[in-house]
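Structural characterization, general
Listed here are the chains, written in short residue letters.
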Amino acid sequence: MMQKIKNIIFDLGGVLVDLNEQSCIEAFEAIHAPTVGDYVRDHRTEDLFWDIEIGNSTTEEFCHEARRISGTTADNERIIWAWNQLLPGIADTKKSRLLELRQRYRLFLLSNTNDMHWRRCEQFFGQDGHRVEDYFERVFLSYKMHLVKPSAEIFRQVISETGITAEETLFIDDSPANCQTACQLGIHTLLNTTADEWLHKI
């Protein structure tokens, strides 16, 4: 299969970026907003988390809603800090591997994310003098596209805008539902069940 692959589409959280849910929950508790931390604990994506992921609300609105549902008096900076504790960083081994793969494949990023998390990830990718553009030809983010995986439309838009062929593309994600949709469109998939699995399978 890999001999046919010319393009690789990476997910962000759980594939490239390590996740630390407990740290995020504890951070919300520290700013007296445990109600918001419950969303992380229970993997809930409705309400305020859904709105920022699909781009229907701003950072300001997210912070206002976090204060409303939790009663915290924390300012926007502290709320954003707590939310970003979900993302502790990107391992150097992953960034190095991406740079290597970029020499052989067209690399893309497709993520369900929000502007707060993406700004943090830009800092991760920007370390050691690199830029996001050094790793990926194009970046597709749900909050900018107003589409989220596993919708087939978000994959179709990536294919349309990049000109890639589904049969020559590998999609790496940690969600079975997202991989299933990609597979139905003819895209090869790799379900990343552990944080570093893709490193050993490509």
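Located above this text is the structure these notes cover.
The sections below set out a description of the structure shown in this document. (Residues numbered from 1 in each chain as written. Predicted model: local features only at pLDDT ≥ 70, side-chain atom pairs only at ≥ 80, totals over all residues. Heavy atoms only, no water.)

Next up on the list: the pairing of strand β2 (residues 106–111). Most of β2 is tucked away: five of the six residues are buried. Where strand β1 (residues 7–10) lies against β2, four bridges are found, and the strand directions are parallel. Bridging across to β2, Phe-10 finds its partner in Leu-109. Inspection of the sheet shows β2 paired to strand β3 (residues 138–141) by four bridges, in the parallel sense. By the bridge assignment, Ser-111 is partnered in β3 with Leu-141. (Buried < 20%, exposed > 50% of the residue type's maximum accessible area, 1.4 Å probe, protein only. Helix = DSSP H or I, 4+ residues; strand = E, 2+ residues; numbered from the N terminus. Pairing = 2+ DSSP bridges.)

A separate point is the environment of Arg-78. Mapped onto the elements of the fold, Arg-78 is located in helix α5 (residues 76–84). Overall, the relative accessible area of 39% leaves Arg-78 in the partly exposed class. Separated by 55 residues in the primary sequence, Arg-78 and Glu-133 have C-alpha atoms spaced 29 Å apart.

Another aspect to go through is the environment of Gln-157. Structurally, the position occupied by Gln-157 is in helix α10 (residues 152–162). Its relative accessible area of 24% is what places Gln-157 among the partly exposed residues. For the pair formed by Gln-157 and Arg-102, sequence separation is 55 residues and the distance between their alpha carbons is 22 Å. Excluding anything up to four places from it in sequence, Gln-157 contacts Met-145 and Leu-147. (Contact = heavy atoms within 4.5 Å.)

Following both chains from N to C, one finds helix α1 (residues 21–30) and helix α2 (residues 34–41) inclined at 165 degrees, their axes separated by 7 Å at the closest point. In this view, α1 runs roughly antiparallel relative to α2, as classed from their interaxial angle. Viewed along their axes, α1 and α2 form a crossing whose handedness is left-handed. Residue-level contacts link Glu-21, Cys-24, Ile-25, Phe-28 and Glu-29 of α1 to Pro-34, Val-36, Gly-37, Val-40 and Arg-41 of α2. For the contact of α1 with α2, the class distribution of residues is six nonpolar, one polar and three charged. (Axes fitted to C-alpha atoms, helices over the stretch in contact; angles between N-to-C directions. Parallel < 35°, antiparallel > 145°, perpendicular 65-115°, else oblique. Left-handed = near helix turned anticlockwise from the far one by under 90°. Nonpolar A, V, L, I, M, F, W, Y, C, P; charged D, E, K, R; others polar.)

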